[in-house]
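If you want the building blocks of each chain, they are given just below.
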Amino acid sequence: MTATLTPAEAARIEAKSALFAPPPAVEPDGRRDLVGLPRDQLAEALLVVCADEREARLRAKQLWHWIYHQGCRDFARMSTIAKPMQARLADHFVIGRPEARTDQRSADGTRKWLFRFRDGQEAETVYIPDREEDRGSVCLSSQVGCTLTCRFCHTGTQTLVRNLGAGEIVGQFMAARDAYGEWPSPKGEAPRLLSNIVLMGMGEPLYNYENVAQAMRIAMDGEGIGLSRRRITLSTSGVVPMMDRCGAELGVNLAVSLHAVRDELRDELVPLNRKYPLAMLLEACRRYPGASNARRITFEYVMLKGVNDSEADARELVRLIHGIPAKVNLIPFNPWPGSRFETSPASAIRRFAEIVMAAGYASPIRSPRGRDILAACGQLRTASQRARRAAA
Ligand code: SAH
Ligand code: SF4
């Protein structure tokens, strides 16, 4: 069944995604933003300032290095490019970044930005440092709002405004690197603070696959940002038809927002389950390419008091994921004003983790990070809109 369902469904999802396309990446004065273009499109764009295609390809290679390896935003500082060409580039192009509307640091080192894009839309980006080592993850948003309505998620209360463009997605990471002065890109596995990307911010990345894929290809390019695919994790609520493409084409790590082990409950918590129920979702996980003991699939499980946190739930979880190289991230529910759920008590979370661990799966309990800066995804954008409405 899945073999026939997947291509047709994938085509339908992509057509729908195009309806929420981002606006063109062009400044009000007509200059085009180069960030987010794949190499071939970058060369094509540069034709307006070049004599021929050969020169455009050469310039694209130079610019790629300056933009994505050096993090340079100013054509006048590109020392390998002659002055007259620098001026022509500046006449036609910009190297953009989203604008930080707010920049908050939590006492635990978590840092959260609300970024505003060219058309005034906003999305959140969070930096989460590793507790033990000098590295950390940048959590990127893929959409403004979300079409899905997971009951415990604050972004789920915001309707989808639009998809983010590739430049806006990779631009969040580049702006975070600006903030930590992490240019030029460290080589290979050299230590760096911003070592990982997780696509776990606002939105469902697999409902904006083309832009997410383009952004991640840029992030993985060895002559630029140079992050290994092992350091990128895409989190999905279970868009089954796109999981295969994600695995085959990008090969990044996969995280699946499970949250319930019976269809009846998952239908409620993650309404997408009505379309792609548990059996179908787990089948897609089993065939996800590259999953191995070294590269496990992460199952995310938000702990909701009295809803999904019983010992029976833990045992059923173990049965469901049997045979999948996996780890289970237990996330204490992060409450937000108006949410109907409570966080499970620490004792329930510990019991749950013990059962999962006894079955041989790593089962880290994610400690709540950045509580003091509303780090539950989606909250900052709402707070900003409220403040603006109040000020209007
Ligand atoms: N749309 C994707 C990625 C963004 S959500 C997805 O659903 O996987 C990233 C993770 O944060 C998901 O596992 C989501 O279920 C979880 N999450 C959302 N709201 C939360 C909250 N209030 N407390 C704890 N985790 C939450
Ligand atoms: Fe969307 Fe993910 Fe939130 Fe569900 S949990 S509403 S899919 S962002």
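For the pattern of salt bridges, give the residues involved together with the corresponding values.
Scanning the entire structure with this criterion turns up 30 salt bridges. Arg162 is paired through a salt bridge with Glu168; the nearest N and O atoms lie 2.9 Å apart. Here Arg162 matches Glu168 in class, with each residue buried. The closest approach of N and O atoms between Arg287 and Glu283, which form a salt bridge, is 3.5 Å. Residue classification places Arg287 among the partly exposed positions, given a relative accessible area of 32%. Among the charged side chains, a salt-bridge network with shared partners connects Glu14, Glu210, Arg217, Arg245 and Glu249.

I'd like a description of helix H10 (residues 311-320), backed by residues and values.
Asp313, Ala314, Leu317, Val318 and Leu320 are the residues of H10 that are buried. Each buried residue of H10 sits inside an arc of 160 degrees when the element is viewed along its axis, so together they form one side. For H10, the secondary structure elements touched by its buried residues are helix H9 (278-286), strand E12 (297-303), strand E13 (326-332) and helix H11 (346-358).

Before we move on, could you go through the site of ligand 2 and cite the residues and values that matter?
Lining the immediate surroundings of ligand 2 are Cys146, Leu148, Cys150, Cys153, Gly156, Gly203 and Ser237. Residues of the shell around ligand 2, tallied by class, amount to four nonpolar, three polar and no charged.

Rules used in this analysis
Residues numbered from 1 in each chain as written. Chains lettered and ligands numbered in written order. Predicted model: local features only at pLDDT ≥ 70, side-chain atom pairs only at ≥ 80, totals over all residues. Heavy atoms only, no water. Salt bridge = Lys/Arg side-chain N within 4 Å of Asp/Glu carboxyl O. Buried < 20%, exposed > 50% of the residue type's maximum accessible area, 1.4 Å probe, protein only. Helix = DSSP H or I, 4+ residues; strand = E, 2+ residues; numbered from the N terminus. Arc of directions from axis to C-beta. Contact = heavy atoms within 4.5 Å. Near = heavy atom within 4 Å. Nonpolar A, V, L, I, M, F, W, Y, C, P; charged D, E, K, R; others polar.

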